[in-house]
Amino acid sequence: MLSASMNEKLNAQITREFYSSYLYRQMASCLDQMGLSVLEQFFLDQADEERMHAVKLIDYVQKAGGKLALGAIEAPPAEYESVLAICEATLAHERQVTKHIHALVAQAEEDKDYSTRSYLQWYIDEQVEEEASFADLVQLAKLAGSDLLALEDRVEKILAKRAPALGEGAQLGG
Ligand code: FEO
């Protein structure tokens, strides 16, 4: 049984996961506008993953006897000055998400809610992968500088390599 506070925090996290999906879909469109179709695909895939994170948590709240209450999703920024700015924004965003996941774990531990604590381990591990992926992407964007075709080429090779492992937490640089 979820505590009222845990239930509320999980609902807030679900909204945040939908926001992440919303954010990455917007970024994908910005990358499309820049003519970067490979990076666009990377962000579309990421948007789908974030939606999955939200749905997985909804499923948990319902199974744990909680009450789902979806919150409003704010509009993500729609303008970025460069690919590097997008990559850096994603890394900063994922670092914030990690803090929120850790706060959920702290609540579960305070409640002695070992079921939720156990369920959240998947999210902790996922955040390690996501921060690593986006840190790699920032590095690649920095190395590429103004050579965006080289960046597209590099990301395409990485996506091809990780394709069979998608959904298993493959890292961008792995
Ligand atoms: Fe659902 Fe990127 O964290």
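Residues numbered from 1 in each chain as written. Predicted model: local features only at pLDDT ≥ 70, side-chain atom pairs only at ≥ 80, totals over all residues. Heavy atoms only, no water.

> Sorry if this is basic, but what is going on with the overall build of the chain here?
Regarding its fold elements, the chain presents five helices and zero strands. Listing the helices and strands of the chain from first to last along the sequence gives α-α-α-α-α. Relative to a compact globule of 174 residues, whose C-alpha radius of gyration would be 16 Å, the chain shows 17 Å and is just as compact. Overall size of the chain, expressed as C-alpha extent along the three principal axes, is 55 × 30 × 25 Å. Out of the 174 residues in the chain, the part that is buried amounts to 43%. (Helix = DSSP H or I, 4+ residues; strand = E, 2+ residues; numbered from the N terminus. Rg over C-alpha atoms; globule rule 2.2 N^0.38 Å. Buried < 20%, exposed > 50% of the residue type's maximum accessible area, 1.4 Å probe, protein only.)

> Where do I start with the state of the cysteines in this structure?
What makes a disulfide is a covalent bond joining the sulfur atoms belonging to two cysteines. Following the criterion strictly, the structure yields zero disulfides and no others. The thiol of cysteine 30 is unpaired, and the distance to the nearest cysteine sulfur, on cysteine 87, comes to 12 Å. What makes cysteine 30 buried here is its relative accessible area of 10%. Owing to a relative accessible area of 1%, cysteine 87 belongs among the buried residues under this scheme. (Disulfide = S-S within 2.5 Å.)

> Looking at this model, I keep getting lost on the packing of aromatic side chains. Mind explaining?
Two measures describe an aromatic ring pair: the distance that separates the ring centres and the angle between the ring planes. Evaluation of the coordinates by the stated rule reveals eight aromatic pairs. Both rings, one in phenylalanine 43 and one in phenylalanine 134, keep their centres 6.1 Å apart while their planes meet at 40°; by these two values the pair is tilted. Of the two residues, phenylalanine 43 is situated in helix 2 (residues 37-63) and phenylalanine 134 in helix 4 (residues 114-144); the sequence distance between them amounts to 91 residues. Considering the side-chain rings of tyrosine 60 and tyrosine 119, the 4.3 Å spacing of their centres and the 20° angle between planes classify their relative orientation as stacked. (Phe/Tyr/Trp six-rings, centres within 6.5 Å; stacked < 30°, edge-to-face > 60°.)

> What is the right way to look at the side chain of threonine 116 in this model?
When you line up the elements, threonine 116 lands in helix 4. Apart from the residues lying within four places of it in its own chain, the contact partners of threonine 116 are Leu2, Met6, Leu10, Tyr60 and Ala108. (Contact = heavy atoms within 4.5 Å.)

> Please clarify how the environment of isoleucine 73 should be interpreted in this entry.
Assignment of secondary structure puts isoleucine 73 in the loop between helix 2 and helix 3 (83-111). Under the relative-accessibility criterion, isoleucine 73 is labelled partly exposed at 35%. Discounting residues that sit within four places of it in the chain, isoleucine 73 has contacts with Thr15, Phe18, Tyr19 and Tyr22.

> What is the right way to read the side chain of glutamine 107 from this model?
On the secondary structure map, glutamine 107 appears in helix 3. A polar contact is formed between the side chain of glutamine 107 and the side chain of serine 5, at a distance of 3.2 Å. Not counting residues within four places of it along the chain, the set of residues in contact with glutamine 107 comprises Ser3, Ser5, Met6 and Lys9. (Polar contact = N/O pair within 3.5 Å; in protein donor to acceptor, adjacent residues only side chain to side chain.)

> Teacher, can you tell me more about helix 1 (residues 4-33) here?
The α-helix winds at 3.6 residues per turn, so residues separated by three or four positions along the chain end up facing the same way. The terminal C-alpha atoms of helix 1, which comprises 30 residues, lie 44 Å apart, in line with the 44 Å expected from a rise of 1.5 Å per residue. Just downstream of helix 1 lies glycine 35, where phi reads positive at about 80°. (Expected span 1.5 Å × (residues − 1).)

> Just checking my understanding: could you explain the packing of helix 2 against helix 4 for this structure?
Packed helices, taken two at a time, are described by their axes: the angle between them and the distance between them. Interhelical geometry of helix 2 versus helix 4 gives an angle of 170° and a closest axis separation of 12 Å. Between helix 2 and helix 4, the angle falls in the class roughly antiparallel. Together, Leu39, Phe42, Phe43, Gln46, Glu49, Glu50, Met52, His53, Lys56, Leu57 and Tyr60 of helix 2 and Ser115, Thr116, Tyr119, Trp122, Tyr123, Glu126, Glu130, Phe134 and Leu137 of helix 4 make up the contact between the two elements. (Axes fitted to C-alpha atoms, helices over the stretch in contact; angles between N-to-C directions. Parallel < 35°, antiparallel > 145°, perpendicular 65-115°, else oblique.)

> Even after reading the chapter, I still don't get the environment of glutamate 156, so can you show me in this structure?
Following the sequence through the fold, glutamate 156 ends up in helix 5 (residues 148-162). Sequence separation between glutamate 156 and serine 21 is 135 residues; the distance between their C-alpha atoms is 21 Å.

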